[in-house]
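Residues per chain are reported as follows:
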Amino acid sequence: MKILIVDDNAARYSDVVKAQETISQGNDVIESCSNIKDALTALETTAFDLLVVDMMLPQTAWDSNADPAGGVKILRYLQEDDSLHMPSYVIGITSATNDDSAVVDHFNNSSWTLIRAGSSDNWQERLNHLFAYAREALGRATTRGYDVDVCFVTALRKPELKAVTALNIEWELTDVLCDDSTFVKRGRLRTAAGKYLSVVAASAMRMGAVESAILTGKLIECFRPRLVIMTGICAGFEGKVSLGDVVVANPAWDWTSAKWEVDGDGNQKILPAPDYIGIDRTIAAQLSMLEEDAGFLSTLQDNWSGSESTSRLKIHIKPSASGAIVVADGFTLQTIQLTQNREVLGLEMEAYGVYAAVRAAANPRPLVVSMKGVCDFADPRKADKAQGYAAYTSAGVAFEYLRRFGVPR
């Protein structure tokens, strides 16, 4: 394994390092650094299998004071900066006797592990057990490859999966079973280069991030896709998007993730704790090219038979918030813009769950992107009228992306 240990007290890992070197017969590559700056440099240049990071870290090698949430800063950079290589496994280390909410909340909202390093050696034993698990899982993953190229995930069968199955894809006549409750469509898509991409598509049984995350995990385990694409419908920021515009979620996060507390005056305070997950930089660059293709977008719009398309169709590669709430109040999206991300354009229920499921998947891990069509503005005028058009534009943009660029390798 390639292991990175980030701690300004590397000596306390000496027994763990010796144990791992013995197990790997010297084949592990174990690097260490003592501060945030050097850790980010290492993560930019090397794809590590496993990251062990102390929570209290100085910013640079010459800083005398350590930041109690320095490790969290590294993890946030990992989630937000596409130039950094995301390790397959992340283990946090804390020696704090009191819970730091910034640290605990970050790990509670992720699939990573936090170990408390006390005076006993139990934490080292647990760390060795986690290393053993990672080693076995990675060893199994290296014997497996990708089985299909593309996996479409939608929240519901109608109108979202229906729009996908209407695409110019050679679908097989009979669905296949992923398990006893998950029916999957299989087909192949011909690219502009004349090559074929193998495709599977399925919808969740209910809306929401949990259902979509569970479905995504099942599909990854069953079909080992190179790319997971979520298509469907979302709300948009009125005045910045139009009905039918496609919002590519970059990043996605759960806008309801927060800490609720009461201040000294008895007033309720809501402290957001967003966990941003972005898309691969290559996908973003390719979609930027598609975003500028006015001819394609005009043709896609003109081929819709309904009357919902009143403004020129656009693609927006912008932040999109997920939450388990159907919003129709006219002000929640504006509040999210003010309190969580000033560039947010989309609001929906599933993308973060899909992104999180992909992030937690074992190797070989797929890439992921969500692109959803705007069907309303999250206000009291919310209705189903534009859902068909939004699902159509979302699926159409996804299809053209695959036809034109294939799947990033």
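Just above sits the structure.
Residues numbered from 1 in each chain as written. Predicted model: local features only at pLDDT ≥ 70, side-chain atom pairs only at ≥ 80, totals over all residues. Heavy atoms only, no water.

(A) Spotlight on the packing of aromatic side chains. According to the stated counting rule, one finds seven aromatic pairs in the structure shown. Between Tyr89 and Tyr133, the aromatic rings sit 6.1 Å apart at their centres with planes inclined by 85°, giving edge-to-face as the arrangement. On the criterion of sequence distance, the pair formed by Tyr89 in strand β4 (residues 89-94) and Tyr133 in helix α5 (residues 122-142) is long-range, its members being 44 residues apart. Here Trp304 and Tyr392 contribute two aromatic rings whose centre-to-centre distance is 5.0 Å and whose plane-to-plane angle is 35°, an arrangement assigned as tilted. With a gap of 88 residues between them, Trp304 in the loop between α9 (294-302) and β15 (315-322) and Tyr392 in helix α12 (residues 387-405) connect regions that are remote in the sequence. (Phe/Tyr/Trp six-rings, centres within 6.5 Å; stacked < 30°, edge-to-face > 60°. Helix = DSSP H or I, 4+ residues; strand = E, 2+ residues; numbered from the N terminus.)

(B) Seen up close, the sheet that holds strand β3 (residues 50-54). The five strands lie next to each other as β2-β1-β3-β4-β5, forming an open sheet whose pairing is parallel. The sheet is open, and its two edges are formed by β2 (29-33) and β5 (113-116), each paired on a single side. Each strand of the sheet is rotated relative to its neighbour by a mean of 20°, with strand direction disregarded. Of the strand pairs in this sheet, β3 and β4 are connected by five bridges, and their pairing is parallel. From the neighbouring strand, Asp54 faces β4, where its bridge partner is Ile93. Of the strands in this sheet, β1 (2-6) and β2 are in contact with helix α2 (residues 36-45), which crosses β1 at around 165°. (Pairing = 2+ DSSP bridges. Axes fitted to C-alpha atoms, helices over the stretch in contact; angles between N-to-C directions. Contact = heavy atoms within 4.5 Å.)

(C) Structural context of the pattern of salt bridges. Following the criterion strictly, the structure yields 21 salt bridges and no others. Residue Asp81 pairs with Arg281 through a salt bridge whose shortest N-O separation is 3.6 Å. Within this pair, whereas Asp81 is found in the loop between α3 (70-80) and β4, its partner Arg281 is found in helix α8 (residues 281-291), the two being separated by 200 residues in sequence. Close ionic contact of Asp149 with Arg226 constitutes a salt bridge, the shortest N to O distance being 3.6 Å. Taken together, the positions of Asp149 in strand β6 (residues 148-154) and Arg226 in strand β11 (residues 225-236) put the pair 77 residues apart, joining distant regions of the chain. Among the residues examined, Asp149 registers a relative accessible area of 11% and is labelled buried. Beyond isolated ion pairs, a larger network of salt bridges with shared partners links Asp293, Glu400, Arg403 and Arg404. (Salt bridge = Lys/Arg side-chain N within 4 Å of Asp/Glu carboxyl O. Buried < 20%, exposed > 50% of the residue type's maximum accessible area, 1.4 Å probe, protein only.)

(D) Representation of the packing of α2 against α3 in the model. Two elements in contact, α2 and α3, have axes separated by 10 Å at closest approach and are oriented at 25°. By the angle class used here, α2 and α3 are roughly parallel. The two elements α2 and α3 cross, and the hand of that crossing is right-handed. For the pair α2 and α3, the contacting residues are Ile36, Ala39, Leu40 and Leu43 in the first and Gly70, Lys73, Ile74, Tyr77 and Leu78 in the second. (Parallel < 35°, antiparallel > 145°, perpendicular 65-115°, else oblique. Left-handed = near helix turned anticlockwise from the far one by under 90°.)

(E) Quick look at unusual backbone geometry. For the bond running from Asn250 to Pro251, omega is 5°, close enough to zero to count as cis. Between Asn363 and Pro364 the backbone carries a cis peptide bond, its omega angle lying at 0°. In this model, Gln25 sits at a positive phi of 55°, which is unusual for a non-glycine residue. Summarising the element assignment, Gln25 is placed in the loop between α1 (14-23) and β2. The class of Gln25 is exposed, set by a relative accessible area of 68%. Located in the positive-phi region is Ala378, a residue other than glycine, with phi close to 55°. Checked against the element boundaries, Ala378 lands in the loop between β17 (367-376) and α12. With a relative accessible area of 2%, Ala378 lands in the buried category.

(F) The nonpolar core, seen in detail. Ranked by internal contacts, the top residues of the largest apolar core, which has 66 residues, are Phe152, Ile229, Leu287, Val369, Met371 and Leu402. Ranked by residue count, the leading element in this core is α12, at nine residues. Sequence-distant contacts of Val369, defined by excluding residues within four places in its chain, comprise Leu227, Val228, Ile229, Met230, Val248, Ile279, Ile283, Leu287 and Tyr355. Within the second largest apolar cluster, 24 residues are counted, among which are Val6, Cys33, Ile36 and Val103. (Core = buried A, V, L, I, M, F, W, Y, C linked by side-chain atoms within 4.5 Å.)

(G) A look at the environment of Phe183. Among the structural elements, Phe183 can be located in strand β9 (residues 182-190). By relative accessible area, which is 46% here, Phe183 ends up partly exposed. Between the C-alpha atoms of Phe183 and Leu287, which are 104 residues apart in sequence, the distance is 30 Å.

(H) A look at the state of the cysteines. All told, the structure shown has one disulfide when counted by the stated rule. The side chain of Cys178 participates in a disulfide bridge whose partner is Cys222; the two sulfur atoms lie 2.3 Å from each other. Between Cys178 and Cys222, the S-S torsion sits near 85°, and that sign places the bridge as right-handed. Linking Cys178 in strand β8 (residues 176-179) with Cys222 in helix α7 (residues 209-223), this pair joins segments that are 44 residues apart in sequence. Cys375 takes part in no disulfide bond, and the closest cysteine sulfur to it belongs to Cys234, at a distance of 6.8 Å. (Disulfide = S-S within 2.5 Å.)

(I) Inspection of α8 at higher detail. For α8, the complete set of buried residues consists of Ile283, Ala284, Gln286, Leu287 and Leu290. Projected down its long axis, α8 shows its buried positions confined to an angular sector of 165°, all on one face. Where α8 starts, the residue carrying a side-chain oxygen 2.9 Å from the main-chain nitrogen of Thr282 turns out to be Asp280. (Arc of directions from axis to C-beta. Polar contact = N/O pair within 3.5 Å; in protein donor to acceptor, adjacent residues only side chain to side chain.)

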